[in-house]
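Structural overview
What follows is the residue order along each chain.
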Amino acid sequence: MGGLGRSGTTLIERVLNEIPGVCALGEIVHLWQRDIRDDERCGCGERFSACSFWRRIGQEAFGGWAMVDVHRILALRDLVERTRHIPMLAAGKRSDFSALASEYASYYARVYEAAARVAHAQVVIDSSKHSALAHCLRYSEEIDLRVLHVVRDPRGVAYSWTKTVARPETDGRDVMTRYTPARSAVLWNAHNAAFGLLRQRGVAVRRLRYEDFVANPRETVHRVAAFMGMDTSTSPLEFLKPEGVELRQCHSAAGNPMRFETGIVPLRPDDAWRSALPPRQRALVGAVCAPLLRSYGYGLMS
């Protein structure tokens, strides 16, 4: 799952995780540092090292997480998985750079394959969102890469990035990153445009607006499942209730704090930005994002 953070990807991933045969892993891009190295909390509430689900994946993929060279993976991330490297990743002309991208992608492929075996899943979801990571994964022959590109009105995204949100996995010690509306607008343009480039390189990319998902979750789940190669047309999707979606405990490795929520979660538009984001900032974000706003079907006027 790709897009800029605060676009609703965690909620959508949690909903898709309720489909039999689907295993949602959270933001695997953070697995190496936050989980293996820092031992933060899994979505089930346990420390990563204490979670039996992730212990089994580590054993299947690497013979145990202790066998993973985290320093090597983080060094590869710094070398290839950067937004500024997307043109080079898309071109694929430098053999030395391509070799590094292939090695980096191979670690993800091993995690995905092991998770599919442990969870007996047909589809594994990585909600890392990073456009550069999606371009790196294209270099793995083991991955049948399909990208669900999630977009949300950039003014709503900008307002969300201004909030102070604690990270429960650190027991309140840290908060999530914050951006100014101007900065988030620039990032919204860059990340979303990068997924358009990914489609041009032959990767299967399906765009989903967050607003359309909350307006009609049942139809959306059927369409996304078909994109993933699964037929849910005759499934009652019993986890979708009139009052929201019923979520089970998950084993999300990293992501938005709502990955810890269980039970009935309401599905409704989040339009607080229309009154909470100052008019000048709304206008600024709209101006910076104007070309893609129109392309994605959003109005220029808020």
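Below or above, wherever it landed, is the structure these notes cover. The structure presented is a predicted model; accordingly, all values stated were derived computationally and were not measured.

1. Examining the environment of Cys 289
Along the chain, Cys 289 falls in the loop between helix 13 (279–288) and helix 14 (290–295). C-alpha of Cys 289 to C-alpha of Leu 137: the two residues are 152 residues apart in sequence and 27 Å apart in space.

2. Here we look at the pattern of salt bridges
Counted according to the given criterion, the structure contains 18 salt bridges. Linking Glu 27 and Lys 129 is a salt bridge whose minimum nitrogen-to-oxygen distance equals 2.3 Å. Separated by 102 residues along the polypeptide, Glu 27 in the loop between strand 1 (22–24) and helix 2 (31–37) and Lys 129 in the loop between strand 2 (123–125) and helix 7 (131–137) bring together distant segments of the chain. In this pair, the class of Glu 27 matches that of Lys 129, namely buried. Note that Glu 40 is salt-bridged to Arg 167, the shortest N-O span being 2.5 Å. Residue Glu 40 is found in the loop between helix 2 and helix 3 (52–62), and its partner Arg 167 is found in the loop between helix 8 (154–161) and helix 9 (181–200); the two are separated by 127 residues along the sequence.

3. Quick word on the packing of helix 8 against helix 9
Packing of helix 8 against helix 9 brings their axes to within 9 Å, and their N-to-C directions diverge by 130°. In terms of orientation, helix 8 and helix 9 fall into the oblique class. With respect to the hand of their crossing, helix 8 and helix 9 are arranged in right-handed fashion. Judged by residue contacts, Pro 154, Val 157, Ala 158 and Trp 161 of helix 8 engage Pro 181, Ser 184 and Trp 188 from helix 9.

Criteria and thresholds
Residues numbered from 1 in each chain as written. Predicted model: local features only at pLDDT ≥ 70, side-chain atom pairs only at ≥ 80, totals over all residues. Heavy atoms only, no water. Helix = DSSP H or I, 4+ residues; strand = E, 2+ residues; numbered from the N terminus. Salt bridge = Lys/Arg side-chain N within 4 Å of Asp/Glu carboxyl O. Buried < 20%, exposed > 50% of the residue type's maximum accessible area, 1.4 Å probe, protein only. Axes fitted to C-alpha atoms, helices over the stretch in contact; angles between N-to-C directions. Parallel < 35°, antiparallel > 145°, perpendicular 65-115°, else oblique. Left-handed = near helix turned anticlockwise from the far one by under 90°. Contact = heavy atoms within 4.5 Å.

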